[in-house]
Amino acid sequence: MPKHDHDDEHKTRDHTHSGAAQHAPAAHASEAYRRAYAAAQPDVGRTVIAIDLEAKEFDWIIAPGATCRAWGFNGQVPGPTIEAQVGDVLEIRLINDLPEPTVVHWHGLRIPAAMDGTEMVQRPIAPGETFTYRFRLPDAGTFWYHSHFNETVQLERGLYGALVVRSPEEPTFDHERVLVFDDVELAGDGQIRAPGAWIESHDGREGSTRLVNGKQEPELTMAAGQIERWRIVNAASARYLRLSIGGRPFRIIGTDGGLIGSPVTATEILLAPADRVELAVGPFAEGEVHRVETLPFKRGSFKAHRRPELFATLRVGREAPSKAQVPETLRRIEPLVTGPVTVSREVRLGFTLGLKHGVEFTINKEQHHHADPVRVGELQVWDVVNRSPVHHPFHLHGFFFQVLQENGKVPEFLSWEDTVNVPAFGSVRIAWIADDRPGEWMYHCHILEHHAAGMMAHFDVVS
Ligand SMILES: [Cu+2]
């Protein structure tokens with residue numbers, strides 16, 4: 001048998017990129033990867049979008065005069081926003097120019113397990129190697145991509161970006177923005193602080209430098225009289241955004257898994273780490289100035305949040321004509337469950353204080369829990385129970401779920417989610433059905449420090 005330095009999906013740096021869409025995995029690539037690669041074909045009339053993402057170190061300008069060493073994609077934080085249509089195929093060549101291995105997870109995309117970008121399904125991409133992800137985009141919505149390796153360091157340093165998938169029928173807006181929220185913790189020398197001591201491992205890191213699209217507290221301007229679509233991603237390691245736009249009402253039109261049934265008017269919305277939301281914002285009058293901020297929120301952390309904290313300032317300029325139309329029906333979402341349910345699984349989020357390792361976070365009393373398999377097509381009703389005094393954002397890879405109850409209460413509206421907050425000493429009941437994508441999947445807390453400290457589980461989806 002011929003000896004190879006690495007699996008075939010891993011190509012060395014000097015491999016010649018053939019341009020668009022014509023890569024083929026070599027014969028000795030893992031079988032699941034090879035099958036997924038070959039199966040990724042665009043719908044009729046759609047296309048293959050080939051993108052190079054180079055993960056590397058560079059100088060990140062956070063604010064005028066404030067530069068720090070970052071790790072990002074293509075020399076920017078966030079990485080380039082990837083935009084595509086439902087039915088397109090993304091072919092992304094990841095070039096690892098970092099001094100350590102990485103993998104990239106496609107957060108919220110319902111793609112084959114072999115392309116999910118975790119250590120469960122692929123060997124980490126070593127420095128100098130490339131790896132090609134190739135998959136078809138099945139759903140419209142606001143998603144994101146991020147490192148799934150040494151996350152407390154790699155995401156904090158900037159290895160994330162937004163991914164927008166559109167459908168042929170989208171509501172009409174005057175303008176659209178993708179706003180990726182994050183925070184970083186800078187040391188006295190202006191560089192990103194290394195992961196800290198046990199309070200940070202308990203709370204997760206909340207940096208005191210607050211960022212929108214990689215800039216510290218930027219100014220946003222919009223025209224009076226117009227309505228914009230804001231696609232918001234919470235890319236922070238641990239921070240919950242209780243988002244307010246100057247206390248003014250906006251309309252929620254979408255969540256993790258795309259549009260919801262009808263717009264819901266609100267003056268604030270909670271985004272746990274990794275959550276996304278889409279809002280219809282405006283119209284405002286000329287001269288208005290609003291704080292885009294996070295309101296005080298208690299999540300059980302040692303770090304208190306007593307005051308609102310600013311992320312951006314919104315200034316409303318001159319009036320402009322509006323063509324925006326936000327229909328009352330955005331989409332039809334069929335409930336997975338009606339009437340009484342039988343709970344098929346309990347997922348218990350907990351923690352222990354170990355003398356040796358400090359705080360250990362667990363699922364069903366185990367770090368890196370090995371959970372029971374899930375059968376394709378079988379309804380799953382899971383009670384995710386939080387046995388700890390801190391909130392945890394629960395993230396399921398690769399599949400959307402519907403939230404049936406939060407602390408026993410039915411949510412205000414039906415939606416598709418991949419991340420949901422599980423309140424301290426509370427519980428969330430979710431329902432989902434695995435479609436035919438067998439393989440190894442995972443769920444975990446999306447507070448990166450908790451994930452790193454063991455609050456994750458992996459399981460097989462079986463035919
Ligand atoms: Cu957690």
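Quick caveat: nothing in here was measured; it's all calculated off a predicted structure.

Scoring rules and cut-offs
Residues numbered from 1 in each chain as written. Predicted model: local features only at pLDDT ≥ 70, side-chain atom pairs only at ≥ 80, totals over all residues. Heavy atoms only, no water. Helix = DSSP H or I, 4+ residues; strand = E, 2+ residues; numbered from the N terminus. Rg over C-alpha atoms; globule rule 2.2 N^0.38 Å. Buried < 20%, exposed > 50% of the residue type's maximum accessible area, 1.4 Å probe, protein only. Donors = N, O, S within 2.8 Å, 3.2 Å for Na, K, Ca; no water. Pairing = 2+ DSSP bridges. Axes fitted to C-alpha atoms, helices over the stretch in contact; angles between N-to-C directions. Core = buried A, V, L, I, M, F, W, Y, C linked by side-chain atoms within 4.5 Å. Contact = heavy atoms within 4.5 Å. Patch = residues over 30% accessible without salt bridge, like charges linked within 9 Å, V, L, I, M, F, W, Y side chains within 5 Å. Areas by Shrake-Rupley, 256 points an atom, 1.4 Å probe, with all protein chains shown as cover. Salt bridge = Lys/Arg side-chain N within 4 Å of Asp/Glu carboxyl O. pLDDT = per-residue confidence, 0-100. Phe/Tyr/Trp six-rings, centres within 6.5 Å; stacked < 30°, edge-to-face > 60°. Lys NZ or Arg CZ within 6 Å of the ring centre and 35° of its normal. Polar contact = N/O pair within 3.5 Å; in protein donor to acceptor, adjacent residues only side chain to side chain.

## Notes on the overall build of the protein chain
So, step 1. Counting secondary structure elements, the protein chain contains 4 helices and 32 strands.
So, step 2. The C-alpha atoms of the protein chain give 22 Å as radius of gyration, which agrees with the globular expectation for 463 residues (23 Å, within 12%).
So, step 3. Taken along the three principal axes of its C-alpha coordinates, the protein chain extends 70 × 50 × 50 Å.
So, step 4. With 463 residues in all, the protein chain has 57% of them scored as buried.

## Here we look at the coordination of the copper ion
In ideal tetrahedral geometry, four donors around a metal make angles of 109.5 degrees, whereas ideal octahedral geometry with six donors gives angles of 90 or 180 degrees.
So, step 1. The copper ion binds to the protein through His 392 (ND1), Cys 445 (SG) and His 450 (ND1), with metal-donor distances spanning 2.0 to 2.1 Å.
So, step 2. For the copper ion, the donor residues sit on a single chain with the sequence spacing H-x52-C-x4-H. Taken together, the residues span a long stretch of sequence, with His 392 in strand β27 (residues 392-396) and His 450 in helix α4 (residues 448-452) at a distance of 58 residues.
So, step 3. A residue is classified by how much of its surface remains accessible, and His 450, at 0% relative accessible area, is buried.

## Let's talk about the sheet that holds strand β13 (residues 219-224)
Strands belonging to one sheet form pairs held by backbone hydrogen bonds; the direction of such a pair is parallel or antiparallel.
So, step 1. Strand order in the open sheet formed by 5 strands is β13-β21-β20-β15-β18, and the pairing between neighbours is mixed. The two strands at the open ends of the sheet, each matched to only one other strand, are β13 and β18 (269-271). Here the average twist between neighbouring strands, direction ignored, is 25 degrees.
So, step 2. Bridge analysis of strand β20 (residues 289-294) against strand β21 (residues 309-319) gives 6 bridges, and the strand direction is antiparallel. By the bridge assignment, Thr 294 is partnered in β21 with Glu 309.

## What about the sheet that holds strand β28 (residues 402-406)?
So, step 1. Taken in spatial order, the 5 strands line up as β23-β22-β26-β30-β28 in an open sheet, and their pairing is mixed. The two strands at the open ends of the sheet, each matched to only one other strand, are β23 (358-363) and β28. The mean angle between the axes of side-by-side strands here comes to 20 degrees, regardless of whether they run parallel or antiparallel.
So, step 2. Strand direction decides the pairing type here: β28 and strand β30 (residues 427-433), joined by 4 bridges, are antiparallel.

## Considerations on the nonpolar core
So, step 1. Counting residues in hydrophobic clusters, the biggest one holds 37 residues, and the most contacted among them are Leu 53, Ile 82, Leu 90, Trp 106, Tyr 133, Phe 135 and Leu 163.
So, step 2. A per-element tally of this core places strand β2 (residues 48-63) first, with 4 residues.
So, step 3. Those residues in contact with Tyr 133, other than ones at most four positions away along the chain, are Leu 90, Glu 91, Ile 92, Leu 94, Val 103, Val 104, Trp 106, Met 115, Gly 117, Gln 122 and Ile 125.

## A word on a nonpolar patch on the surface
So, step 1. Together, Trp 198, Ile 199 and Phe 302 line one region of the surface with nonpolar side chains, adding up to about 330 Å² of accessible area.
So, step 2. Note on placement: Phe 302 falls in the loop between β20 and β21.

## Topic: the pattern of salt bridges
So, step 1. For the structure shown, the criterion picks out 38 salt bridges.
So, step 2. The partner of Glu 83 in a salt bridge is Arg 166, with the nearest N and O atoms 2.3 Å apart. Residue Glu 83 is found in strand β4 (residues 79-85), and its partner Arg 166 is found in strand β9 (residues 160-166); the two are separated by 83 residues along the sequence.
So, step 3. Residue Arg 166 is classed as partly exposed on the basis of its relative accessible area of 21%.
So, step 4. A salt bridge links Arg 229 to Glu 278; the nearest nitrogen and oxygen atoms lie 2.6 Å apart. Of the two residues, Arg 229 is situated in strand β14 (residues 228-234) and Glu 278 in strand β19 (residues 276-281); the sequence distance between them amounts to 49 residues.
So, step 5. With relative accessibility at 3%, the residue Arg 229 sits in the buried group.
So, step 6. Linked by salt bridges that have partners in common, Glu 83, Arg 166, Glu 170, Glu 176, Arg 229, Arg 231 and Glu 278 make up one network.

## As for the confidence of the model for the protein chain
So, step 1. On average, residues of the protein chain score 92 in pLDDT, and 93% of them are at 70 or above.
So, step 2. Note that residues 1-8 has pLDDT below 50 and, in this model, 10 contacts with residues that lie over four places away or in other chains.

## Observations regarding the packing of aromatic side chains
So, step 1. Following the criterion strictly, the structure yields 20 aromatic pairs and no others.
So, step 2. Ring geometry for Phe 181 versus Phe 311: centroids 5.2 Å apart, planes at 45 degrees, classification tilted. Within this pair, whereas Phe 181 is found in strand β10 (residues 175-184), its partner Phe 311 is found in strand β21, the two being separated by 130 residues in sequence. Both residues of the pair, Phe 181 and Phe 311, count as buried.
So, step 3. Cluster of aromatic residues (ring-pair linked, three or more members): Tyr 33, Tyr 37, Phe 73, Trp 106, Phe 131, Tyr 133, Phe 135 and Tyr 145.
So, step 4. The ring of Phe 399 is capped by Arg 437, whose NZ or CZ atom sits 4.4 Å from the centre of that ring.

## Thoughts on the side chain of Glu 200
So, step 1. With respect to the element layout, Glu 200 can be found in helix α3 (residues 198-203).
So, step 2. With a relative accessible area of 18%, Glu 200 lands in the buried category.
So, step 3. Within polar-contact distance, the side chain of Glu 200 engages the side chain of Arg 205 at 3.2 Å.
So, step 4. When residues no more than four places from it in sequence are discounted, the contact partners of Glu 200 are Pro 195, Arg 205 and Glu 449.

## Quick word on the pairing of strand β3 (residues 66-73)
So, step 1. Relative to β3, β2 runs antiparallel, the two sharing 8 bridges. Each bridged residue has a counterpart across the sheet, and for Ala 55 the counterpart in β3 is Phe 73.
So, step 2. Turn length for the β2-β3 hairpin, with the two strands adjacent in sequence and antiparallel, is 2 residues, and the turn residue Gly 65 shows positive phi of about 80 degrees.

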